[in-house]
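What the coordinates show
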Amino acid sequence: MTDALLPELVRRRRGERNRSIAVCAALCGAILLLAAAEILIAGSADIPLSDMLPAAFGLGEGLAAYVVFETRVPRALVALLAGALFGLAGHLYQRLVGNVLATPDILGISAGASAAATAVLTLGVAGIGVQVSAVVGALGVAALVFLLSWHRGVSPYRLVLVGIGIGACASAITTYLVTRADEMSVERALRWMIGSLGGADWSGVQVLLLTLVVGSVLLLAGSRGLRTFALGDDLAAALGTRVARLRFGALLLGAGLAAVATSITGPIGFVALVSGPLAARLLRRTDAAFAAALVGAVIVVAADLIAQTAPFISPVPTGSITAVIGAPALIYLLVRRRRTS
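Presented here is a report on the structure given in the accompanying data block. None of these values were measured; they are calculated from a predicted model.

1. Remarks on the packing of aromatic side chains
How two aromatic rings sit relative to each other is set out by the distance from centre to centre and by the angle between their planes. Counted by the stated rule, this structure contains 1 aromatic pair. Centroid distance F69 to W202: 5.1 Å. Interplanar angle 40 degrees. Geometry classified as tilted. Linking F69 in helix α3 (residues 62-97) with W202 in helix α8 (residues 202-221), this pair joins segments that are 133 residues apart in sequence. Residue classification places W202 among the partly exposed positions, given a relative accessible area of 26%.

As C-alpha cells, this is what we get:
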C-alpha cells in the first residue's frame, strides 16, 4: 500500500511546486508591468519616451533625470517594497494567530504607529523623526499587546481581543491629537494617516530593502517552528517548539516589518489583510509567505498607479484606493468565516 501511494505523493508534490513557480512568476511579471507603467505614464510631466527610458536607469539629464529617476522610480520601488512588507507581515500574523483577520491593522500595530507619528507631526517633538516614532510606536504596542495577553501563555483569541482594545485606544489618542493641532499640522497628519507615497525617495527605498532582506532571513530561520503552530500549542511544544518565545519573536518581527513600511508610506490599509488569503488561494496551501509578499507588492503598486492616473479622481492618496479594494474583501472574509464556523 505504501509503495502504491508513493508515486501519487511525489506527483502531488511536483504539481504543488510547479504551481508555486507559475504563480510566483506571474506575480513577478505583473509587478514589473505595473512598475513600468507607473514610471512611464504616472505623473503630470510630459516627457518624451526617448528621454524617459535612459532616465529610468540614471542616465538622463535635466528635467527627465529629476522627474523619472529622482521621483517616479523611487516611488515605484517604495510601493513595491512597502507592499511586500505589508503582505509578509500580514501573512506572518495570520499564521501566528491562526486567523485570517489577525493582521497588524486589526491587532493595533498600525494604530500604534499612527499615534506615535501623529504626535510628532502635531506636537513637533524635537529630535524625533516621523519614521523613528512610527517604528517605536508599533513595537511598543506589539510588546504591550503580548504582555497584556499573557496568562500562563498567550492564546490567539486573547491576543486578538487585547490587540483590538489597544488599537482602539491608540486611535483615540490619534483623534485627540488631530483635534488639538493647528491647521497645517492637521493637513500633514491626515495625509500621512491615509497612506501616501508622494514623499518617496531613494533613502526610503534603501530602508525598505534592508528591512525586507533582514525580515526574510529571520522569517526563514523561524519557519520550521511557525509550521508547528498549525498543530496547536500543546503539540507544537511537544515537538520541541518554544511556543511563547517564538510567538513573541514573530509578533515583534511582524510589527517591525509593518512599522518600517508604515513609517515610509503611512498606514496603507487592508494590504496586510488580503495578501495572505489571496496568496493561499492562488497556491492552494497556507504556507505562502513569498507569494503573500508578491501579492502585497502587486496591490500597492497597482493602487498607486490608479491613485496617480485614474480619471476624475486622481491624484489621491494611495491608501484611499486600497481602502476601496480592501473594505469589500474584509466583508467577504467575515461572511466566509461565519459560514464555515
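Text resumes after the structure shown.
2. Some remarks on the packing of α3 against helix α13 (residues 289-309)
Look at α3 against α13: their axes get within 6 Å of each other, and the N-to-C directions meet at 135 degrees. It follows from the interaxial angle that α3 and α13 lie oblique. Considering the relative orientation of α3 and α13, their crossing is right-handed. Taking contact as the criterion, the partners of R75, A76, A79, L80, G83, A84, G87, L88 and H91 in α3 are, on α13, A289, A292, A293, G296, A297, V300, V301, D304 and Q308.

3. Quick word on the environment of G198
With respect to the helices, strands and loops of the structure, G198 is situated in the loop between α7 (183-194) and α8. Owing to a relative accessible area of 51%, G198 belongs among the exposed residues under this scheme. With 117 residues separating them in the primary sequence, G198 and P315 have C-alpha atoms 10.0 Å apart.

4. Regarding unusual backbone geometry
You will see that F270, though not glycine, has its phi angle at about 75 degrees, which is positive. When you line up the elements, F270 lands in the loop between α11 (243-265) and α12 (271-283).

5. Topic: the layout of surface pockets
Reported here for the second largest pocket is a volume of approximately 460 Å³. When residues of the lining of the second largest pocket are traced back to their parent elements, those giving at least two are α1 (2-41), α3, α8, α9 (223-228) and α13. For the lining of the second largest pocket, the element with the highest residue contribution is α3, accounting for 7 residues. Broken down by class, the residue content of the lining of the second largest pocket amounts to 19 nonpolar, 4 polar and 4 charged.

The rules behind the values
Residues numbered from 1 in each chain as written. Predicted model: local features only at pLDDT ≥ 70, side-chain atom pairs only at ≥ 80, totals over all residues. Heavy atoms only, no water. Phe/Tyr/Trp six-rings, centres within 6.5 Å; stacked < 30°, edge-to-face > 60°. Helix = DSSP H or I, 4+ residues; strand = E, 2+ residues; numbered from the N terminus. Buried < 20%, exposed > 50% of the residue type's maximum accessible area, 1.4 Å probe, protein only. Axes fitted to C-alpha atoms, helices over the stretch in contact; angles between N-to-C directions. Parallel < 35°, antiparallel > 145°, perpendicular 65-115°, else oblique. Left-handed = near helix turned anticlockwise from the far one by under 90°. Contact = heavy atoms within 4.5 Å. 1 Å grid on protein atoms, 1.4 Å probe; cavity = no way out; pocket = protein on both sides within 12 Å on 5 of 7 lines; lining within 4 Å. Points joined across faces, edges and corners; volume = space filled by probe spheres on them. Nonpolar A, V, L, I, M, F, W, Y, C, P; charged D, E, K, R; others polar.

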